[in-house]
Amino acid sequence: MNANDTINYINAEGLQFFGRVNASISHELKNILAIISETSGFLNDLTDLARQGEPLNLSLLGNCNQSIAEEIQRGFTTIKKMNRFAHSVDVPVTEIDLMDTLSLTAQLAGFLSTTSTVRINADRKGVGRILTSPFLLQNLIYRILCLASETAGPDGEISILVSSDTDSGDLMRIHSPVPGTWNAFPTPKIEEAARILGIEMSLTDDPEQLQLKIPYVSNQIVALAKVLQL
Amino acid sequence: MKHIDVLIIDDEEKFAAMLSKRIMLRGFSSDICHDGGQALEWVADPDNRATLILLDLQLPDMYGTNVLTEIKKIDPAVPVIILTGHGTEKDREECSRLGAYRFVHKPIQIDDIVAVLGEIGEAKSQ
């Protein structure tokens, strides 16, 4: 794949990924609004009953108020994540904090009702900064989490441990206790994204986990940045 | 036999609970299932019977169209309203083909549910 093919691939893949994430976010926002709408309707019902002489149940009113406040907060949090995700395309190649990117991507994947719970840990203080394509890295991690969730299921738990890989980069270990989680790994799209990002991927048997070696700087990313004339 | 008026199948717990309360305030009975597997168990239980089912498409364990297919195998006559956040036109066509009674985007108007219950009651009495 030459440089132009790589850029075309990133753009086409990126558009599809952007659409998929935005669809899940809009679904989340619609659910939030549906709860607020039903709660508001329920408050109307209580008002109508009070007009007919029924005593007002203050405890129910308080619960409704709290529920609306919680859903509004959930909406703000969702929009904040959407905003961070939208800005991840601002700069095609830049330095990122892996934990930040990983955390946001896990939260975005969490908007899908089929995604397993994701627990993220780092085994050292401070994580090095990585020169990468933030958007493509998000795409790669998102695809991996979706793939793992297909087997682990929505009640499953995927754990991710980030540690140093000598001085050259970070090591991300992704583990699910469900046997066969990685049977379909790697998909061609995961493989291609990892290749462009210069990330080495490997599976281990005991425990069954996927390892990603993420270099602080890779030749592939430097070449990509040159093509993009950064 | 547990005969309820409306079975709500939706993984958004607060939404389902609030809708259920509003249905009950109008004098109807209601029950809730939060995933496809639980819903199919409910429908397959010979002691349970629902007049109307409200089914979300995005469930954690199964897609709604698969749940609809299985419900129709167990109880072909039960009316199922698809209640979705973001169902596509393709979903609408598929649900119609599978025998859905209606395809509605959230939020649903409570009066529409009551009207449908009335329609079903009238159809049964004729």
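Residues numbered from 1 in each chain as written. Chains lettered and ligands numbered in written order. Predicted model: local features only at pLDDT ≥ 70, side-chain atom pairs only at ≥ 80, totals over all residues.

A short note on the sheet that holds strand β2 (residues 117-122) of chain A
Residues and elements named next belong to chain A.
Next up, step 1: Strand order in the open sheet made by the five strands is β2-β4-β5-β7-β6, with mixed pairing throughout. The sheet is open, and its two edges are formed by β2 and β6 (200-204), each paired on a single side. Neighbouring strand axes in the sheet, compared pairwise and without regard to direction, differ in orientation by 20° on average.
Next up, step 2: Note that β2 and strand β4 (residues 157-165) share six bridges and pair parallel. In the strand pairing of β4, Thr117 is matched with Glu157.
Next up, step 3: Sheet strands touched by helix α3 (residues 98-109): β2, β4, β5 (169-175) and β7 (209-215). Its angle to β2, the strand with the most contacts, is close to 170°.
Next up, step 4: Sitting on the sheet, helix α4 (residues 134-152) is in contact with β2, β4, β5 and β7, with an inclination near 140° to β4. (Pairing = 2+ DSSP bridges. Helix = DSSP H or I, 4+ residues; strand = E, 2+ residues; numbered from the N terminus. Axes fitted to C-alpha atoms, helices over the stretch in contact; angles between N-to-C directions. Contact = placed C-beta atoms within 7 Å.)

Considering the packing of helix α1 (residues 3-51) of chain A against α4 of chain A
When two helices pack together, their arrangement is captured by the angle between the axes and the distance separating the axes.
Residue and element names in this part refer to chain A.
Next up, step 1: The contact between α1 and α4 brings their axes to 10 Å, and the two run at 60°. With respect to their mutual orientation, α1 and α4 come out oblique. Judged by the sense of rotation from one axis to the other, the crossing of α1 with α4 is left-handed. Residues Ile10, Glu13, Gly14 and Phe17 of α1 pack against Phe135, Leu136, Asn139 and Tyr142 of α4.
Next up, step 2: Along the lines of polarity and charge, the residues of the contact of α1 with α4 split into five nonpolar, two polar and one charged. (Parallel < 35°, antiparallel > 145°, perpendicular 65-115°, else oblique. Left-handed = near helix turned anticlockwise from the far one by under 90°. Nonpolar A, V, L, I, M, F, W, Y, C, P; charged D, E, K, R; others polar.)

Concerning unusual backbone geometry
Next up, step 1: In this model, Phe185 of chain A is joined to Pro186 of chain A through a cis peptide bond whose omega is -5°.
Next up, step 2: Positionally, Pro186 of chain A belongs in the loop between β5 and α5 (188-197).

What to know about the pairing of strand β4 (residues 80-84) of chain B
Residue and element names in this part refer to chain B.
Next up, step 1: Of all the five residues making up β4, five are buried; the element is thus mostly covered by neighbouring parts of the structure.
Next up, step 2: Side-chain alternation along β4 places Val80, Ile82 and Thr84 on one buried face and Ile81 and Leu83 on a second face that is also buried.
Next up, step 3: Where strand β3 (residues 48-55) meets β4, three bridges bridge the pair, whose relative direction is parallel. Across the sheet, the residue bridging to Leu54 is Ile81, located in β4.
Next up, step 4: Note on the crossover from β3 through helix α3 (residues 64-74) to β4: the handedness is right-handed.
Next up, step 5: Pairing of β4 with strand β5 (residues 102-105), which is carried by four bridges, proceeds in the parallel orientation. (Buried ≥ 20, exposed ≤ 12 C-beta atoms within 10 Å, placed from the backbone. Right-handed = clockwise from strand over helix to strand, strands pointing away.)

Quick look at the domain arrangement of chain A
Residues and elements named next belong to chain A.
Next up, step 1: In terms of domain boundaries, chain A breaks down into domain 1 (3-88) and domain 2 (92-227).
Next up, step 2: Taking only C-alpha atoms, the centre of domain 1 and the centre of domain 2 are 28 Å apart.
Next up, step 3: The interface is formed by 17 residues belonging to domain 1 together with 17 residues belonging to domain 2.
Next up, step 4: Sorting elements by how many residues they give to the side of domain 1 that touches domain 2 places α1 first, with 13 residues.
Next up, step 5: Here the side of domain 1 that touches domain 2 is built from residues that sort into eight nonpolar, five polar and four charged. (Domains from an automatic or database assignment.)

Some points on the confidence of the model for chain B
Next up, step 1: Summing up the model confidence of chain B, the mean pLDDT is 93 and the portion of residues at 70 or higher is 100%.
Next up, step 2: Mean pLDDT values over the elements of chain B span from 88, in helix α5 (residues 110-125) of chain B, up to 97, in strand β2 (residues 30-33) of chain B. (pLDDT = per-residue confidence, 0-100.)

Considering the sheet that holds β3 of chain B
Residue and element names in this part refer to chain B.
Next up, step 1: Spatially, five strands are ordered β2-β1-β3-β4-β5 in an open sheet, and the strand pairing comes out parallel. Since the sheet does not close on itself, it has two edges, and those belong to β2 and β5, each with one partner. For this sheet the average axis-to-axis angle between neighbouring strands, irrespective of direction, equals 30°.
Next up, step 2: Across four bridges, strand β1 (residues 2-9) lies against β2 in parallel orientation. The residue bridging Val6 from the neighbouring strand is Ser30, located in β2.
Next up, step 3: The strands touched by helix α1 (residues 13-25) are β1 and β2; relative to β2, the strand with the most contacts, the crossing angle is about 170°.

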